[in-house]
Amino acid sequence: MDQSPVKKLKTAHGHLCNVSPLKDSKKQYFEASLQHEGECSDVMVFRPEEHMQFKNAEKIRSQVTLHNVISPLKTNGTSKVYYTHKSSISCVRDLGHAFRNTLPAEAQGIQLSELLKLDQKPKRVNINVKIILEESKGNNVVRDRRRYLPNTVYTVADSTGFISLTVWCQKDINVGKWYNFTNLSTVQFKGKTTLSTTKDTNILNIPSQGTAVDVDVPIESMKCDIIGVNPKRLFICPGNHELKDLILSSPSVYCVSCKTHYKTTASIMKISGRLHLKPEAGEIIRARVEDEVIRSVIAVKSDASQNDILQAFMALPTMQITICNNVIVKMEKSTPQNTLRTGMESQTSLAVMEPVEDLNDFSPPDPGIFSSQPQKRKSTDRF
Ligand SMILES: [Zn+2]
């Protein structure tokens, strides 16, 4: 680089290092060092969407060319390079193959079409995607931490494909916006690749990356008879840890994660299950259902047995059931007015059944087992 004080567009060659994380100021940017012929330039990159490309170039030790950068005066032997919306990066020499096998399995920036083509080995990836749709909300036990945590499943897309992404815990994510997700793990389920956030995941709102592919997520709502169910009970401690050894007749239970003995009555039962549904027309559908949706139609006592829950399911009438990607997002008493409803509707339509009016319709088999009224959902901000 020469020492011209004039802000002319230039080309810079070298190796990238010290690529910083994205900095979340009003205008997002990141920094990097460009090493060339014994010198080092500080690069400020004002194209957050190219963060992954810089990271990858650093990782595979590729020589890069930065085109159309602004390079003002050298100060104290260091030159500044500004990588703006007019700039671009290209890899001059890809030394990746020599290093790739010896590198640890770090997350790679990837496009969704590539990801969906890949073999089914679990891996860590970084993606830039648009949030297309909120598919479902639920809770589950995170394997590595044994904690029962809330999650939201989104359909996300880039310009090449779309995929389901499970985001753990409550995150500030909006449908229609673009985000950079790092360190996602791939999950294989029934031959389908999905993504999940990990404890190392960072989520950053980024500018639009162009047009995302058209997504066709099937959301179905239909009248179904519940002909089969496989309910599962799960007990958690007040700190949301799974309690594997809980015995309801025992006065206390020990949580290995909290290292605390709790009163058994302080534990919380969560129910989930897989329902076999017979629509009025068509094949039997199997779909997963979780605690909150179950409790919107069944009142479960805190000491209900597996069999009690099973019987309550069996006693349910034909219901209007909304399913998205094999997950039941809504169950409601079937009425003629709502047969045309779909899950795409405004969120307020996902209402809880009013207990007083609906009481007679449930007719639980043994009133002694269930509380007299279906339990109201505690949090109203869900669904
Ligand atoms: Zn605990």
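It should be emphasised that the depicted structure is a prediction, and the values quoted were computed from it without experimental measurement. Here the residue numbers are simple positions, counted from 1 along each chain's written sequence. Residue-level local features of this predicted model are given only where pLDDT is at least 70; pairs of side-chain atoms are given and counted only at 80 or more, and the full residue set underlies all totals for whole chains, interfaces and linings.

Considering the overall build of the protein
Think of it this way: any DSSP run of H or I at least four residues long counts as a helix, any run of E at least two long counts as a strand, and we number them from the N terminus. When you go through the protein residue by residue, the secondary structure sums to six helices and 22 strands. In the protein, which comprises 383 residues, the proportion classed as buried is 30%. Neighbour density around each residue's C-beta defines its exposure: 20 or more other C-beta atoms within 10 Å make it buried, 12 or fewer make it exposed, and counts between make it partly exposed, where C-beta atoms are placed from the backbone.

Things to note about the nonpolar core
For our purposes the nonpolar core covers buried Ala, Val, Leu, Ile, Met, Phe, Trp, Tyr and Cys residues that link as a set through C-beta atoms within 7 Å. In terms of nonpolar packing, the biggest core is built from 24 residues, with Ile298, Ile321 and Ile328 touching the most fellow members. Going through the elements one at a time, strand 15 (219-229), strand 19 (268-279), strand 20 (285-289), helix 4 (291-295), helix 5 (306-314), strand 21 (319-324) and strand 22 (327-333) are the ones with two or more residues in this core. Of all the elements, strand 21 adds the most residues to this core, at four residues. Ala107, Leu112, Leu184 and Ala212 belong to the second-largest nonpolar core, a separate cluster that totals 22 residues.

Things to note about the pairing of strand 3 (residues 39-45)
The rule for pairing is simple: two strands pair if DSSP sees at least two bridges between them. Direction of pairing for strand 2 (residues 30-36) relative to strand 3: antiparallel, over a ladder of seven bridges. Note on strand 3: the bridge partner recorded for Phe30 is Val45. Relative to strand 6 (residues 78-83), strand 3 runs parallel, the two sharing five bridges. Across the sheet, Asp42 pairs through a bridge with Lys80, a residue of strand 6.

Section: helix 5
Those residues of helix 5 not exposed but buried are Asp308, Ile309, Ala312 and Phe313. Relative to the axis of helix 5, the buried residues are bounded by an arc of 135° and lie together on one face. In this structure, helix 5 carries Gln306, Asn307 and Met314 as exposed residues pointing more than 90 degrees from its buried face. Those residues of helix 5 that are buried are in contact with strand 15 and strand 19. Along the arc lie the directions from the helix axis toward the C-beta atoms. The contact criterion used here is simple: two residues whose C-beta atoms, placed from the backbone, lie within 7 Å are in contact.

A short note on the environment of Thr186
Along the chain, Thr186 turns up in strand 12 (residues 178-189). Here the alpha-carbon distance between Thr186 and Arg124, two residues 62 residues apart in the chain, equals 6.6 Å.

Some points on the confidence of the model for the protein
Caution applies to low-pLDDT regions: their predicted coordinates should not be interpreted in detail. Looking at the protein as a whole, its pLDDT mean stands at 80, while 80% of the residues score no less than 70. Per-residue pLDDT, averaged within each element of the protein, yields its smallest value for helix 6 (residues 355-362) (33) and its largest for strand 18 (residues 260-263) (96). Here residues 94-104 scores under 50 on pLDDT; set against residues more than four positions off or in separate chains, the count is 11 contacts. Residue-level confidence of the predictor, termed pLDDT, takes values from 0 up to 100.

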